[in-house]
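One-letter residues, chain by chain:
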Amino acid sequence: MATILVVDDELGIRDLLSEILNDEGHTVELAENAAQARNLRAQMRPDLVLLDIWMPDTDGVTLLKEWATAGQLTMPVIMMSGHATIDTAVEATRIGATAFLEKPITLQKLLKAVDQGLYKVAPKVPAAGMPPLRGNGPVEFTVEQAMTASVSVAASQVAVPTGPLPQQTFNLDGPLRDARDEFERAYFEYHLAKESGSMTRVAEKTGLERTHLYRKLKQLGVDLARSKRGAF
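Asker: So, the overall build of the chain: which residues are in play, and what are the values?
Answerer: What the chain contains, in helices and strands, is 10 helices and five strands. Within the span of the chain, comprising 232 residues, buried residues form 41% of the whole. Expressed as a percentage of contacts within the chain between residues at least 6 apart in sequence, the contacts between residues at least 24 apart total 66%.

Asker: Quick one: what's the story with the pattern of salt bridges, residue by residue and with numbers?
Answerer: Within this structure, the stated rule accounts for six salt bridges. A salt bridge links Lys 103 to Glu 10; its shortest N-O distance comes to 3.9 Å. Highlighted residues: Lys 103 in the loop between β5 (99-102) and α5 (107-119) and Glu 10 in the loop between β1 (3-7) and α1 (11-23), separated in sequence by 93 residues. Notably, a salt bridge pairs Lys 65 with Glu 91, separated by 3.6 Å at the nearest N-O pair. Taken together, the residues span a long stretch of sequence, with Lys 65 in helix α3 (residues 60-69) and Glu 91 in helix α4 (residues 86-95) at a distance of 26 residues. Lys 65 sits in the partly exposed class, given a relative accessible area of 39%.

Asker: I'd love a proper account of the confidence of the model for the chain, names of residues and values included.
Answerer: With 75% of its residues at a pLDDT of 70 or more, the chain has an overall mean of 77. Contacts for the low-pLDDT stretch residues 151-162, under 50 throughout, to residues beyond four places or in other chains number 21 contacts. Segment residues 227-232 is flagged for pLDDT under 50; beyond a separation of four residues in sequence, or across chains, it makes 26 contacts in the model.

Asker: Talk me through α1; I want residue IDs and the actual numbers.
Answerer: Along its 13 residues, α1 runs 18 Å from first to last C-alpha, staying within 8% of the 18 Å computed at 1.5 Å per residue. Regarding α1, the residues found buried are Ile 13, Arg 14, Leu 17, Ser 18, Ile 20 and Leu 21. Here the buried residues of α1 occupy an arc of 170° about the axis, which is enough to place them on one side. Facing away from the buried surface of α1 by more than 90 degrees, the exposed residues are Leu 11, Gly 12 and Glu 19. Taken together, the buried residues of α1 touch β1, β2 (27-31), β3 (48-52), β4 (77-81) and α5.

Asker: Kindly report on the packing of aromatic side chains, identifying the contributing residues and their values.
Answerer: Tallied over the full model, the rule gives two aromatic pairs. With a centroid separation of 5.2 Å and an interplanar angle of 75°, the aromatic rings of Tyr 187 and Phe 188 are classed as edge-to-face.

Asker: Which residues make up the nonpolar core, and what are the values?
Answerer: Ranked by internal contacts, the top residues of the largest apolar core, which has 23 residues, are Val 7, Val 49, Leu 51, Leu 64, Trp 67, Val 77 and Met 79. Secondary-structure elements contributing two or more residues to this core are β1, α2 (34-44), β3, α3, β4 and α4. Per-element tally for this core: the top contributor is α3, with four residues. In this structure Leu 51 touches Val 7, Gly 60, Leu 63, Leu 64, Trp 67, Val 77, Ile 78, Met 79 and Met 80, once residues within four positions along its chain are discounted. By size, the runner-up hydrophobic cluster in this structure holds 19 residues, among which are Ile 4, Leu 17, Leu 21 and Leu 50.

Each value, and the rule that gives it
Residues numbered from 1 in each chain as written. Predicted model: local features only at pLDDT ≥ 70, side-chain atom pairs only at ≥ 80, totals over all residues. Heavy atoms only, no water. Helix = DSSP H or I, 4+ residues; strand = E, 2+ residues; numbered from the N terminus. Buried < 20%, exposed > 50% of the residue type's maximum accessible area, 1.4 Å probe, protein only. Contact = heavy atoms within 4.5 Å. Salt bridge = Lys/Arg side-chain N within 4 Å of Asp/Glu carboxyl O. pLDDT = per-residue confidence, 0-100. Expected span 1.5 Å × (residues − 1). Arc of directions from axis to C-beta. Phe/Tyr/Trp six-rings, centres within 6.5 Å; stacked < 30°, edge-to-face > 60°. Core = buried A, V, L, I, M, F, W, Y, C linked by side-chain atoms within 4.5 Å.

Here it is in structure tokens:
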């Protein structure tokens, strides 16, 4: 999977994001300020950075601008904040940020933003009728929506191979146990491919606890590495 750098001055947020991303199979490095982020970015060349805007020494937008000016913005950067304004979000997008997450960050939005950043999936075009960014008058959408509206939808998309098909045939002439195992193996391989190998999302989709899901996949002989490579 990917190497992700999480930059946030709050220990609780660093630990939470690290736990979630580790569960997804990523390698996670943590920085609590801009100085540590600079060093880690130079040492490890992360595939993606989650960058908090408000930090005590150097704020995230300034660090983002520093990387862009120095030609070091070679990885997608997702900005995070619970207090950012729309102007701040739009400025970060103009500099080169790929997405914005408003705190508190939900699991679904985090994983979606990380997937879009890593696989260069173009964000959806904002719905028709969304108010334009102009003037200083009131707005009726969030900072996250404003940043999404500012990201170019012309970003390149990576072609990936398709995974198992949703409709398959099974041998019904053999023992019931064999047919059941064959079906369950195909069922889990399909969902693993569809969810890009994410155990968290497969557990949610199938209604199983993660521990039980791991045991089930091991029992069925499902190749988790192959499922990730064959993701949709």
